[in-house]
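# Architecture and fold: a report
Each chain, written out:
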Amino acid sequence: MKTNFLVYILLLFAYIFFVQAAKAEDIHFNNDVYTLKLSRMSAENNGYENEYFTGTDTPQNWVKMIGIYYYPEVSNPRKIAEETEKNIEKKETVALLKFIQNKKQDKALFSYLENGNVNGKNFFEYNLYKYEKHPDKGMMVLRFAKKYFFKTNDEITKLAQEVKGINDDLMEQFIITPIPPIVEKDIP
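Residues numbered from 1 in each chain as written. Predicted model: local features only at pLDDT ≥ 70, side-chain atom pairs only at ≥ 80, totals over all residues. Heavy atoms only, no water.

### Some thoughts on the overall build of the protein
Put simply, the rule is: Counting from the N terminus, the helices are the DSSP runs of H or I reaching at least four residues and the strands are the DSSP runs of E reaching at least two. Note on definitions: a residue-residue contact is assigned when non-hydrogen atoms from the two residues lie within 4.5 Å. Each accessible area is a Shrake-Rupley result for a 1.4 Å probe, and residues are judged covered by the shown protein chains and nothing else.
Summing up its helical and strand segments, the protein has three helices and eight strands in all. Taking the intrachain contacts of the protein between residues at least 6 apart in sequence as the baseline, contacts between residues at least 24 apart amount to 50%. Element-wise, carbon and sulfur atoms account for 54% of the exposed surface of the protein, whose accessible area totals about 12000 Å².

### Observations concerning the pattern of salt bridges
We apply this condition: Salt bridge criterion: a side-chain nitrogen from Lys or Arg within 4 Å of a carboxyl oxygen from Asp or Glu. Note on classification: 1.4 Å probe, protein chains only; a residue is buried when its accessible area is under 20% of the maximum for its type, exposed when over 50%, partly exposed between these limits.
The tally for this structure, following the rule as stated, stands at eight salt bridges. When the shortest N-O distance is used, the salt bridge between K98 and D168 registers 2.7 Å. Residue K98 is found in strand 5 (residues 94-102), and its partner D168 is found in helix 3 (residues 153-176); the two are separated by 70 residues along the sequence. A relative accessible area of 31% means that K98 is categorised as partly exposed. According to the relative accessible area criterion, D168 is partly exposed, its value standing at 36%. The network of salt bridges with shared partners includes K107, K130 and E132.

### Observations concerning the side chain of E51
As a reminder, the rule being used: Neither His nor the chain ends is counted toward charge; the positive residues are Lys and Arg and the negative residues Asp and Glu.
With respect to the helices and strands, the residue E51 is situated in strand 3 (residues 47-54). Among buried charged residues, E51 stands out as having no salt bridge; its nearest opposite-charge side chain is R40, 4.1 Å away. Ignoring sequence-local partners within four residues, the contact set of E51 consists of T35, L36, K37, L38, R40, M65, I66, G67 and Y69.

### Focus: the pairing of strand 5
Rule in force here: Following DSSP output, two strands are said to pair if at least two bridges run between them.
One ladder, built from eight bridges, connects strand 5 with strand 6 (residues 107-118); its direction is antiparallel. Each residue of the ladder has a partner; that of L96, found in strand 6, is Y112.

### Some words on the side chain of R78
If you trace the backbone, R78 turns up in helix 2 (residues 77-90). The buried category is assigned to R78, whose relative accessible area is 18%. Beyond its immediate sequence surroundings of up to four residues, R78 is in contact with Q101, N102, K103, D106, K107 and A108.

### Points about unusual backbone geometry
Despite not being glycine, N31 has its phi angle at roughly 65°, a positive value. Mapping N31 onto the fold places it in the loop between strand 1 (27-29) and strand 2 (32-42). One non-glycine residue, N119, lies in positive phi territory at about 50°. With respect to the secondary-structure elements, N119 resides in the loop between strand 6 and strand 7 (121-133). Relative accessible area serves as the criterion here: at 75%, N119 is assigned to the exposed category.

Here is the structure:
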């Protein structure tokens, strides 16, 4: 009887240990929990890309996501952010909301709304990006994205007001949020 009890206690500790190890990759942001569901080596940028999603969302079908990207060969985050911001402004389906940069810390943040359609559903995708130098080499990027689905023009106005109300708060959160370390393991 004592042996069975000891085995159950050991199994309980092992379970708790492994559950905690799995939870270590979760990110808590803006009252939501995001789980790492995509991690890959980017051949284009020679760096790792991690993408986190809430609940049952997947890389193919999501409403909210957080991305962490590491590009070791990029040395000037502000310059890349400025180029990205200029490209965003050229697109007809995109509206730049705000662009800020800190020259002393070599960081930049910007947010924008992009109009899209998936499976016949119209949406606005809110994107918030933070670019900063990696402590050792290269650049880190932190991304938050959320899709707002709509059917009528009244809903568009309501969504615009909601995004306008949260944009500054989310940008402030991003300014003080350290970028989590990249997870270098492939998760398809």
